[in-house]
Structure formats: C-alpha cells, structure tokens
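Residue-level structural notes
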Amino acid sequence: VHLVESGGGLVQPGGSLRLSCAASGFTFSSSPMGWFRQAPGKEREFVAAINWSGGNTYYADSVKGRFTISRDKAKNMVYLQMNSLKPEDSAVYYCAARSRSYSGISYYSYDYDYWGQGTQVTVSS
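An account of the accompanying structure is given in this report. (Residues numbered from 1 in each chain as written. Predicted model: local features only at pLDDT ≥ 70, side-chain atom pairs only at ≥ 80, totals over all residues. Heavy atoms only, no water.)

Extensive coverage of strand 4 (residues 33-38) is indicated by the burial of five of its six residues. When strand 4 meets strand 5 (residues 45-50), the two strands line up antiparallel, connected through five bridges. Looking at strand 5, one finds that Gly34 is bridged to Ala49. A loop of six residues connects strand 4 with strand 5, the two strands running antiparallel in sequence, and Gly41 in this loop sits at a positive phi of about 75 degrees. Here six bridges tie strand 4 to strand 9 (residues 91-97), and the two strands are oriented antiparallel to one another. If you follow Gln38 over to strand 9, its bridge partner there is Val92. (Buried < 20%, exposed > 50% of the residue type's maximum accessible area, 1.4 Å probe, protein only. Helix = DSSP H or I, 4+ residues; strand = E, 2+ residues; numbered from the N terminus. Pairing = 2+ DSSP bridges.)

The side chains of a regular strand alternate between both faces of the sheet. Every second residue of strand 11 (residues 119-123) is oriented toward a common face, the buried set being Thr119, Val121 and Val123 and the non-buried set Gln120 and Thr122. The sheet contact formed by strand 2 (residues 9-11) and strand 11 spans three bridges and is parallel. Bridged to Val11 within strand 11 is Val123. For strand 9 and strand 11, the ladder comprises three bridges, and the chain directions are antiparallel. By the bridge assignment for strand 11, Ala91 is matched with Val121.

What follows is the structure in structure tokens.
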C-alpha cells in the first residue's frame, strides 16, 4: 500500500494550494479517504473526508468553506483544494485511507488504516 502526497509548499496568507495524494496497493475505488494535519507541538487533527463514491464529504469547522476534498477514481487520486489560507493552516498534511470497503466517512484518525508520509504546508508572509 502506498499513499504519496504532493503539492505542499510556502504560500502567503490568502493564497491557495492544491494537495494531491496518489494511492496504490489497495481497492481505492471502494475506500473512504481523508486528510489530516499536524502542526508542531500539536496533535494530529482531522481536516476533510470523502466517501467511496465521492458523493459525500465532511469538513472540520476550521476549514469549512475554504477547503474542498475530491477524488478521481480513474487516476486513483484524492485532492485537497485549499483556498483563503491562513497562518494557522500551517502543518504537515497527511492523506489517509480506510481499508474496509464501502465503510462510512470518519473524522477519527484511528479509523484509517493506511497513511502517507505527509507534505508540508507553510502559510506565511
């Protein structure tokens, strides 16, 4: 199983980034996916999740209206479009997958079985 994130970097406040996660080694088409983040000295926190079909999404209150999660089953990819970025969005962002096919969306990290290595997002002027 491999989850490989990309797209992180340095951006000014108010800017945008699009994170990508390439998935392989499991049945991506039937797996719910999520994005989490962890800032230095803080616990890992939920950001967004999408169900297996892509028809249902869920967001943390802190990112609702600014971030959008999506998936492309043909490419085995999941994305996180981040707009109106704030300094408090700075963190390492992780892509995660649930191994149980057709299971529901979860915002608990312990429900996710596979994790990527993370990509750094820094929002600073």
